[in-house]
Amino acid sequence: VFSQIENGARIIAEFAARTIKLASDFEETSSKFEVVFKGMETEANEFAMVLERSYNMSIIESRKFLSSVQDLLVPMGMTRQAAGAMSFELVNKKE
């Protein structure tokens, strides 16, 4: 009986650790997304929702992809709006 309790406690602890990691990833991704798409949050959220529906992505995945491309293009001199549109187009390309 004690080994079953130990096993149950281990499973609960692993679940809690994964949940905390997911929450942390979500917070980090959301913060980056908000920073790199500042001033165009509505459009960026619409882009992310399209990716979520079209490619069955999670909200974390869609925002991570979009913000990574955006974060690359803006420092290269593109406006946020142009880079945002290009981020969406690059990530949304169908093979």
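The structure under discussion appears in the preceding block.
Residues numbered from 1 in each chain as written. Predicted model: local features only at pLDDT ≥ 70, side-chain atom pairs only at ≥ 80, totals over all residues. Heavy atoms only, no water.

**Student:** Help me out: how do you make sense of a negative patch on the surface in this one?
**Tutor:** A cluster of acidic residues, Glu-27, Glu-34, Glu-41, Glu-43 and Glu-46, forms a negative patch at the surface. Contributions of two or more residues to the negative patch are made by helix 1 (2-36) and helix 2 (41-55). Examined against the element boundaries, Glu-43 turns out to sit in helix 2. Here Glu-43 falls in the partly exposed class, since its relative accessible area comes to 37%. (Patch = residues over 30% accessible without salt bridge, like charges linked within 9 Å, V, L, I, M, F, W, Y side chains within 5 Å. Areas by Shrake-Rupley, 256 points an atom, 1.4 Å probe, with all protein chains shown as cover. Salt bridge = Lys/Arg side-chain N within 4 Å of Asp/Glu carboxyl O. Lys, Arg positive; Asp, Glu negative; His and termini not counted. Charge placed at Lys NZ, Arg CZ, Asp CG, Glu CD. Helix = DSSP H or I, 4+ residues; strand = E, 2+ residues; numbered from the N terminus. Buried < 20%, exposed > 50% of the residue type's maximum accessible area, 1.4 Å probe, protein only.)

**Student:** Got a minute to help me understand the packing of aromatic side chains in this structure?
**Tutor:** One pair of aromatic rings is described through two measures. These are the centre distance and the angle between the planes. Following the criterion strictly, the structure yields 1 aromatic pair and no others. Between the aromatic rings of Phe-33 and Phe-37, the centroid separation amounts to 4.9 Å while the plane-to-plane angle is 50°, which identifies the pairing as tilted. (Phe/Tyr/Trp six-rings, centres within 6.5 Å; stacked < 30°, edge-to-face > 60°.)

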